[in-house]
Amino acid sequence: MATETIVYDKIKGVHKIPLEEFYTSGHRTCQGCESATTMRAFIKVAGPRTVVTGSTGCMYVANTSYMTTPWIVPWMHTQLGAAGSSAIGMAAGLRALKRKGKIKDEPINAIAFCGDLGGGDMGLSGISGALQTDYDLLIIMYDNESAANTDIQATGLSTYGAQTTFTPPGSKHRIMQRRWKKNVAGMLAVGHPTCKYVATACATFPPMDYMNKVRKALAVGGPTFIHTYDPCPKGWDFHPRYSHEIGEFGIKSGLYPLFEVIEGQVVYSYDCRKTAKGRIPVKEFLVAQGRFAHLIPEDIDYIQKRVDEMWEEWEIPGVAPIKGILK
Amino acid sequence: MIAEEPKIKNVYEREDLLTGCQAVSQAVRLADVDVIAAYPIRPYTEVMDALSKIIADGELDAEYIIADSEHSQFEIVKHASSVNARAFAGSSGTGWCYGFEALVVTATDRLPVLFLVGNRALDDPGAFGVEHNDAMAVRDMGWLLAWVTTPQEALEHVLIGYRVAEDKRVRMPMALAMDGAFLTHSQHMVKIPTREAVRQFLPPYDLGDGRLHPDNPISIAPQVNEDWVMELRRQNWDAARRARGVIKEAYGEFNAVFGERYSTPFFTEFMTDDADTVLIGLGTVCAPGRTACRRLREKGEKVGFVSLRWFRPFPTIELRESLKRFKAVGVVDRDFAHGSPDDGGILMHEVRSALYPLKNRPAITNIITGLGGRDVSIDDCIRMYEIAQKSKTDDKLDNFVTWIGVRE
Amino acid sequence: MIKRVEINYRGIFQKNLGKKIGSDIVIIASGMGRIGFSNGRYSDSPERNGIPCKYFAFVSHDLSEEELEAECGAKLDIDQCDISVVLDDTMIKGVEPWGWHGVRPINEKVQPGGTLLVVTKKSQDELLQFIAKKPYSWKLATYSGDLSFGGLWVFRDDLTHEKTLGAVAGIDPDIIGIEAVEKYLNHKTPKEPARAEAARQAYDEVRKSVRTVKPGEGVEWKHEIPVLPKWFQFMEGAAVPAVKRHFELGPKGQSRNETFKRGTTKNQRPVVRFDLCTKCTLCWLECPDQCFDQTSDGLYDIAFEYCTGCNKCAQACPVNECIVMVDELQFTDDSSPWDAYKANPQKYTEWAEEKKRKGRYIHPMVTGTGLEFVEGELVPFGGKRAGQKT
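Here the structure is a predicted model, which is why all the values come from computation and not from measurement.

When helices and strands are counted, chain C shows ten helices and 14 strands. For chain C, whose C-alpha radius of gyration is 22 Å, the value lies close to the compact-globule estimate of 21 Å for 390 residues. Here the C-alpha coordinates of chain C stretch approximately 65 × 60 × 40 Å along the principal axes. Buried positions account for 52% of the 390 residues belonging to chain C. Of all intrachain contacts in chain C linking residues separated by at least 6 positions in sequence, the fraction that spans at least 24 positions is 75%.

Right under this line is the structure:
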């Protein structure tokens, strides 16, 4: 198994998760915010010897209300499309200072986070640049499928058919979000052969999976990337009580493929192929959210068809949208 | 504390033929910069070509990052600066504009990065020649902004620039502007200082409790509501004001180490002692300007030239005191400000505004010239003097702005 | 003459409701020949689920639109109001809109003789146990209604909107008149007379409910309004000190952001039966607000000042009846439940069961599609373990 090639401090049970917080209470995120859980978990397992940048987005604006902060570790805002470049800047600065004896030579994690708008659309080129370097840095793209901080506008990562403020259902056009979700993790893994670790994850499902992926990314070294699926109670319109369930439905329905690409090898964290765990119908995921309330059965069938295709026809199921010519 | 004698005997290690860009690269080496981010755009890019070779040859120990865009390039150095690394970048023309968002936040984060701006006309259409509008774009954003006129000055102002920018009373990013092609690519003999002399003048970069490091946990730039923005702007306003004093100090120290290189920090006057008419301009236009001045002096005309170096902070008091001695001031703009008051150039507005409190103001006239790299000849400058002289008696607004060098 | 109406609502859940009420007050007042305009408190934007927000409507009989705008517009909050509408009664415990503001009294902007208008099923006496006293007399008015919560895309049409318009007319006809309200609603939805009827009903109900609250009546407000530092009194470069690192087991063992607590976001809070807890960690693990503190005995205490009442812990808890979300107005302080449990397990459990029994919510997955308010079953202390949820 490729996972065995990474030597890292694995969290082997929920009782082994570090108790101490480095992103603490007192932030202005929504009730039930799954992205807040994504923030909490990564820094919890990365630990205090870490510097963090956060791109503009919910996890910037909602989290930090000047002159207060929920961050215990050093944290800095970076621009919407600058997750990749801010990570390079920190990592390069620290490396130079250590090498030149200007600061103590010790491991310091450099982690940058961005949303799907900042990372998956605007900042893609910057992240690509970062993944081509040899710096030890981790970029986490928390994907709540919208520009959630601007009051929910569609991004390149919004699920097909979703209602957003840019894609409202109307009397002529029922579906305005007609783009299929951009496959950012797959794209980055495929396009950056020297990047040793790319993964997708969900903060709370399966338990500890995400935390261990962060640990692996930091342990493997070099530039690494994790794409998280973060159900957003506000924009997806479900009660905050069910943030965990919605994420779980998204994964189990196959809409959100969970995988790792470790040194070029794909490892499924939740294998949705029929030959493996299989999938629950996408309908279960869709009807639990107000943003899909306008869909009709044919729309749901269409989404189901595309998801089936992802898992049963792609050459690398759920990862690369290329169909094998020999099939 | 200006010393009579240089503190160090050998302040120069050698003399070499260098372009403006190459001179800057030598200064970056001497400043022991830690992080450099590069992205190609003419004409500034030669500094990055030179630096990559300097690093390849082991003459400078720095991270050299080839960015994917100017936006990333500027963000990289901004964040490197935040972890207390001395950082260098640069750009030109629309490249500078591409990264503009990052330029804005570098100033509001008060991170003293130094940038070289090789002035270039803004697209469209694509053009390589000099125009000052690119660098001018940051003039209101909390940047230090200065123009140099020779490779020697360029080298020296990287050192002065870091010194001023990193001073705890200032903490502002520095844009060092130089005319594209005419200075970036023009080779001159340059005296290169010794490391020892540079160390004497330029202390190590220390952000103190503003640095991002696990030993100094802070949050930089949390989202503000209306309770805080005005106070933060007031801080930055004050820093820009304080910078004037720090600049004066820095030149004093520079002269103390390197000998009397600069008699005045903000601008250089030429043949102004008994002048009644002067031209004022930024950058390389001073060469034909001063030459024209010399020729007119030979004919007995009482003319002079003021070569402005620091645009931000603007030397309001010093320039006002200087220019009030003259009857007429012709402001030479290598930039444009379409639709602005009287349709003049940016420099003119700044100079005119600085002179406004005077009871007896000199007549002001405005010359737009040299756009897109169009050359400015000695004859052009002679014409500028004539126009300025005429303005002493003719202040009609329709003659206020003259385009020199345009086909009409 | 200016009439100012402030509408307090919970972000997102009541965003559309709050805005619609503000808009309709202006439209109805305009129909009566009055001048008005409406806006939201922009610093609430972007709204977050549960965060207390405000919408405003301003009406005048004699001022020009420009004068009204100059008096009431172009500012982020108002200084005082004639009516302060409260669309979720749990907000009477105070609201904390942003960092550094602290928890502010819900009636802070109610002017002398002004009215706090609350949609609630609680009695006015119950409400006054939470509302700050004032140096002058003001009025409290109520009209009956369940919590009206919707989502961003799927609203909840339960006539709270119409009732609020009727209630505002009942308090002050100089803002809008009830006939004008009825006329407007009947014109907008001619086939739905129930809307105008609901407005009239609330109008009658509110007029009967108005009570004058005397100076000094209400509770002592313990949160001081902070004085913001001057421009030279804080760090340059837009930096702020991080939360100081500290961790130990036990109640409040984790360091937290002291200047923004946001506990006023919640309208329910988890009540924990420590005796049923299996120490599975899931409540602690799922909490997006890091409210749970592990204690020396492996149980999890809750820092309620920071709890937003999101329900995630109750949903994650695998044990039946172990964590149950309960109406926030049943609680008067944020003290440690674990401390209370350790002091007297039986007494704590009886207390918890009493709370759980009275007011628990059942939320559908899509918020706007329904909400049940039910009485729970009693699980006695020392009795049979409640077992796994099904």
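With that out of the way, let us pick up the overall build of chain B. Each helix and strand counted, chain B has 13 helices and 16 strands in total. Its C-alpha atoms give chain B a radius of gyration of 21 Å, within 12% of the compact-globule value 22 Å for 408 residues. Summarising its shape, the C-alpha atoms of chain B cover approximately 65 × 55 × 45 Å along the three principal directions. For chain B, the proportion of contacts with a sequence separation of at least 24, taken over those separated by at least 6, is 82%.

Of note, the amide linkage connecting B:Arg312 to B:Pro313 takes the cis form, showing an omega dihedral of -5°. Cis geometry marks the peptide bond from C:Ser45 to C:Pro46, where omega comes out at -5°. Structurally, the position occupied by C:Pro46 is in the loop between β2 (35-40) and β3 (52-60). Non-glycine residue A:Met208 carries a positive phi angle of around 75°. Inspection of the secondary structure puts A:Met208 in the loop between β5 (197-201) and α7 (209-220).

Before going further, it helps to spend a moment on the interface of chain C and chain B. Each partner contributes to the interface: chain C provides 13 residues, whereas chain B provides 18 residues. Here the residues of the side of chain C that touches chain B sort into ten nonpolar, two polar and one charged. Alignment of strand β9 (residues 218-220) of chain B against strand β8 (residues 239-241) of chain C, held across three bridges, turns out to be antiparallel. Among the inter-strand pairings, B:Ile220 is bridged to a residue of β8(C), identified as C:Ala239.

What follows is about the interface of chain A and chain C. Tallying the contact residues gives 54 residues for chain A and 51 residues for chain C. Of all the secondary-structure elements, those providing two or more residues to the side of chain A that touches chain C are α1 (34-46), α8 (233-236) and α9 (243-252) of chain A. Top element by residues in the side of chain A that touches chain C is α1(A). It accounts for four residues. Here the residues of the side of chain A that touches chain C sort into 23 nonpolar, 21 polar and ten charged.

The subject of this paragraph is the pairing of strand β14 (residues 328-333) of chain B. Residue and element names in this part refer to chain B. Of all six residues making up β14, six are buried, and the element is well covered by its neighbours. Of the two faces of β14, the one holding Ala328, Gly330 and Val332 and the one holding Val329, Val331 and Asp333 are both buried throughout. Summarising the sheet, strand β11 (residues 277-282) and β14 pair through five bridges and their orientation is parallel. The residue of β14 that forms the bridge with Val278 is Val329. Pairing of β14 with strand β15 (residues 363-369), which is carried by six bridges, proceeds in the parallel orientation. Residue pairing for β15: Gly330 is matched across the bridge by Thr365. Once you follow β14 into helix α12 (residues 346-355) and on to β15, the crossover reads as right-handed.

Now for the packing of helix α7 (residues 151-166) of chain B against helix α9 (residues 229-258) of chain B. All names here are of chain B. As a packed pair, α7 and α9 sit with axes 9 Å apart at the nearest point and diverge in direction by 135°. When the axis of α7 is compared with that of α9, the two are oblique. Between α7 and α9 lies a crossing of right-handed hand. Residues Ile160, Arg163 and Val164 of α7 lie in contact with α9, whose contacting residues are Ala243, Val246, Ile247, Ala250, Tyr251 and Phe254. Residues of the contact of α7 with α9, tallied by class, amount to eight nonpolar, no polar and one charged.

The next subject is the sheet that holds β11(B). Residue and element names in this part refer to chain B. Strands sit in the order β10-β12-β11-β14-β15-β16 across an open sheet of six strands; the sheet is mixed. A single partner strand is all that each edge strand has here, and the edge strands are β10 (267-270) and β16 (401-404). In this sheet, neighbouring strand axes are inclined to one another by 20° on average, regardless of whether the strands run parallel or antiparallel. In terms of strand pairing, β11 meets strand β12 (residues 303-308) through six bridges, oriented parallel. Pairing of Ile280 across the sheet is with Val306, part of β12. Strands in contact with α12 are β11, β14 and β15; relative to β14, the strand with the most contacts, it is inclined by about 150°. Against the sheet, helix α13 (residues 378-391) engages β11, β12, β14, β15 and β16, with an angle of about 140° to β14.

Next up on the list: the domain arrangement of chain B. All names here are of chain B. If you check the domain split of chain B, you get domain 1 (12-258) and domain 2 (267-404). For domain 1 and domain 2, the distance between their C-alpha centroids amounts to 28 Å. Each partner contributes to the interface: domain 1 provides 25 residues, whereas domain 2 provides 20 residues. At the level of elements, α6 (133-136), β6 (144-147) and α9 are the ones that each hand at least two residues to the side of domain 1 that touches domain 2. When its residues are assigned to classes, the side of domain 1 that touches domain 2 shows 16 nonpolar, five polar and four charged.

Turning our attention to the environment of A:Tyr197. Residues and elements named next belong to chain A. Inspection of the secondary structure assignment puts Tyr197 in strand β5. The class for Tyr197 is buried, based on 23 C-beta atoms found within 10 Å. Residues Tyr197 and Glu260, 63 residues apart in the sequence, show an inter-C-alpha distance of 7.2 Å. Once residues within four sequence positions are removed from consideration, Tyr197 is found in contact with Lys216, Ala217, Val220, Thr224 and Ile262.

Turning next to the packing of helix α1 (residues 15-31) of chain C against helix α5 (residues 178-188) of chain C. Residues and elements named next belong to chain C. In contact at an axis separation of 10 Å, α1 and α5 are set at 110° when each is read in the N-to-C sense. Compared by their axis directions, α1 and α5 come out roughly perpendicular. Along the contact surface, α1 presents Ile27, Ile28 and Gly31, while α5 presents Ala180, Val181 and Tyr184. Split by residue class, the contact of α1 with α5 holds five nonpolar, one polar and no charged.

Another point: the nonpolar core. One broad rule of soluble globular proteins: the nonpolar side chains tend to lie buried together. Membership of the largest hydrophobic core comes to 253 residues, with the highest contact counts inside it found for A:Ile139, B:Val35, B:Ala175 and B:Leu176. No other element matches helix α3 (residues 83-99) of chain A, which puts nine residues into this core. If we skip the residues at most four places from it in the chain, A:Ile139 touches A:Ala83, A:Gly84, A:Ala87, A:Ala112, A:Ile127, A:Ala130 and A:Phe225. Formed by 58 residues, the second largest nonpolar core is a distinct cluster that contains C:Ile51, C:Leu116, C:Val118 and C:Ala180.

Definitions and cut-offs
Residues numbered from 1 in each chain as written. Chains lettered and ligands numbered in written order. Predicted model: local features only at pLDDT ≥ 70, side-chain atom pairs only at ≥ 80, totals over all residues. Helix = DSSP H or I, 4+ residues; strand = E, 2+ residues; numbered from the N terminus. Rg over C-alpha atoms; globule rule 2.2 N^0.38 Å. Buried ≥ 20, exposed ≤ 12 C-beta atoms within 10 Å, placed from the backbone. Contact = placed C-beta atoms within 7 Å. Nonpolar A, V, L, I, M, F, W, Y, C, P; charged D, E, K, R; others polar. Pairing = 2+ DSSP bridges. Right-handed = clockwise from strand over helix to strand, strands pointing away. Axes fitted to C-alpha atoms, helices over the stretch in contact; angles between N-to-C directions. Parallel < 35°, antiparallel > 145°, perpendicular 65-115°, else oblique. Left-handed = near helix turned anticlockwise from the far one by under 90°. Domains from an automatic or database assignment. Core = buried A, V, L, I, M, F, W, Y, C linked by C-beta atoms within 7 Å.

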